[in-house]
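If you want the building blocks of each chain, they are given just below.
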Amino acid sequence: CGKTTLARLLQQFFGEFKNLETWTSTVTSIQVRGTAYKDILYVVDDLKLQNINEHQRRQLMTMIQNYSDETARNRANVNLELRDSRMIKGSLLISAEDLVITEASSIARGIILNVSTKSDYSKKPEELLANSRRFRAFTAEFIHFLLREQHNIDFKGMLNNAQDYFHGQAKEKKLSSDNLPRLVNNISQLYLSWQILVAFLEQFIDKSRLEELSYEFLYSLQKILIDNSARIQERKPEVFFEEMLWSMIENGQL
């Protein structure tokens, strides 16, 4: 589907990256590198069932929880002094073949997107990769815009409005989950980022085109909210147990 290519393109906005971190690395090394990627996109590529065992799966979910909660697994030296914590400080993006996360709370700490094959885009990735060295100039201009306009943008008010909107959508769609506030907050932050980006792009792109893109983006986020809420519900312990129980009965294992 081109997940790795897309991830590489996104990371080129922050520097020249020839190789992506992969899930064949240990969780510790992934955390150490993620500490160095402060405030930029941090891609960990190619997560799939065949690359991890049950112990690694639990480590992965712990890592995601630590990343989301901005905590770390602290360790002590033999003299009982604490070592420096290694927290992932970049914006973590995971590309995966399989959904290996089994805990509802871990799923709710992120946003899961399905990527489908689109044959009509076959030449586009090559064109974008060829021009990706220019992406960093875009990022530099965007940072300059943020520094210049930071006192004129009501970040908190925009985030509160986004949260109210998506909570309203969740209520309208009758979504319910213990983890729903966390998911709504994630999507609200994503929408806030989009709104700020649109404010920057107004000097380059026709306003009607930006309004069209904003409508499409908001529609996509509404669908993502519903899809991710369903994933969280499916992974609730009682639902997961019932599905596993019936599966074992049907397969003659119980």
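In what follows, the accompanying structure is described.

**Side note on the packing of helix H7 (residues 155-172) against helix H8 (residues 180-201)**
A pair of packed helices is captured by two measures, namely the crossing angle of their axes and the spacing between those axes. Contact geometry for H7 and H8: axes closest at 8 Å, N-to-C directions at 130°. By the angle class used here, H7 and H8 are oblique. Considering only the axes of H7 and H8, their crossing is right-handed. Residue-level contacts link Phe155, Met158, Leu159, Ala162, Gln163, Phe166, His167 and Ala170 of H7 to Leu180, Pro181, Val184, Asn185, Ile187, Ser188, Gln189, Tyr191, Leu192, Gln195 and Ile196 of H8.

**Comments concerning the nonpolar core**
Among the nonpolar cores identified, the biggest contains 45 residues, and Leu60, Met63, Phe166 and Leu225 are the most heavily contacted of them. Going through the elements one at a time, helix H2 (27-36), strand S2 (41-47), helix H3 (54-69), helix H4 (104-108), helix H6 (135-149), H7, H8 and helix H9 (207-234) are the ones with two or more residues in this core. Among the elements that make up this core, the one with the highest residue count is H8 (eleven residues). If near-sequence neighbours (up to four positions away) are discounted, leucine 225 is found in contact with Phe166, Gln169, Ala170, Leu175, Leu180, Leu183, Val184 and Ile187.

**Quick look at the packing of aromatic side chains**
By convention here, two paired aromatic rings are described through the distance between centres and the angle between planes. Under the criterion given, the structure shown has 13 aromatic pairs. Their ring planes at 85° and their centres at 5.1 Å tell us that tyrosine 165 and phenylalanine 166 sit as a pair that is edge-to-face. When its relative accessible area of 30% is taken as the criterion, tyrosine 165 is described as partly exposed. On the accessibility criterion, phenylalanine 166 (0% relative accessible area) is buried.

**Side note on the sheet that holds S2**
Pairing is parallel across the open sheet formed by three strands, whose spatial order is S1-S2-S3. Sheet topology places strand S1 (21-22) and strand S3 (91-96) at the edges, where each strand pairs with a single neighbour. Across the sheet, helix H1 (residues 3-11) touches S2 and S3, and the angle it forms with S2 is around 165°.

**Section: a nonpolar patch on the surface**
A grouping of Trp246, Ile249 and Leu254 is seen on the molecular surface, where their side chains present a nonpolar patch of about 340 Å² in accessible area. According to the relative accessible area criterion, leucine 254 is exposed, its value standing at 62%.

**Thoughts on the pairing of S2**
Here S2 lies mainly inside the structure; six of its seven residues are buried. Since S1 and S2 lie parallel, the crossover through H2 that links them has a hand, and here it is right-handed. Taken together, the five bridges between S2 and S3 define a ladder with parallel strand orientation. Within S3, the position partnered with valine 43 by the bridge is leucine 93.

**Overview of H2**
Those residues of H2 not exposed but buried are Val27, Ile30, Gln31, Gly34 and Thr35. Seen along its axis, H2 keeps its buried residues to an arc of 140°; they face one direction. Looking at the packing, one finds that the buried side of H2 touches S1, S2 and H3.

**A closer look at the pattern of salt bridges**
What the rule picks out here adds up to eight salt bridges. Glutamate 97 serves as the salt-bridge partner of lysine 3, at 3.5 Å between the closest nitrogen and oxygen. Of the two residues, lysine 3 sits in helix H1 while glutamate 97 sits in the loop between S3 and H4, which places them 94 residues apart along the sequence. A salt bridge links arginine 33 to glutamate 21, with the nearest nitrogen and oxygen atoms 3.4 Å apart. On the criterion of sequence distance, the pair formed by arginine 33 in helix H2 and glutamate 21 in strand S1 is long-range, its members being twelve residues apart. Take glutamate 21: its relative accessible area is 8%, and that puts it in the buried class.

Cut-offs and rules
- Residues numbered from 1 in each chain as written.
- Predicted model: local features only at pLDDT ≥ 70, side-chain atom pairs only at ≥ 80, totals over all residues.
- Heavy atoms only, no water.
- Axes fitted to C-alpha atoms, helices over the stretch in contact; angles between N-to-C directions.
- Helix = DSSP H or I, 4+ residues; strand = E, 2+ residues; numbered from the N terminus.
- Parallel < 35°, antiparallel > 145°, perpendicular 65-115°, else oblique.
- Left-handed = near helix turned anticlockwise from the far one by under 90°.
- Contact = heavy atoms within 4.5 Å.
- Core = buried A, V, L, I, M, F, W, Y, C linked by side-chain atoms within 4.5 Å.
- Buried < 20%, exposed > 50% of the residue type's maximum accessible area, 1.4 Å probe, protein only.
- Phe/Tyr/Trp six-rings, centres within 6.5 Å; stacked < 30°, edge-to-face > 60°.
- Pairing = 2+ DSSP bridges.
- Patch = residues over 30% accessible without salt bridge, like charges linked within 9 Å, V, L, I, M, F, W, Y side chains within 5 Å.
- Areas by Shrake-Rupley, 256 points an atom, 1.4 Å probe, with all protein chains shown as cover.
- Salt bridge = Lys/Arg side-chain N within 4 Å of Asp/Glu carboxyl O.
- Right-handed = clockwise from strand over helix to strand, strands pointing away.
- Arc of directions from axis to C-beta.

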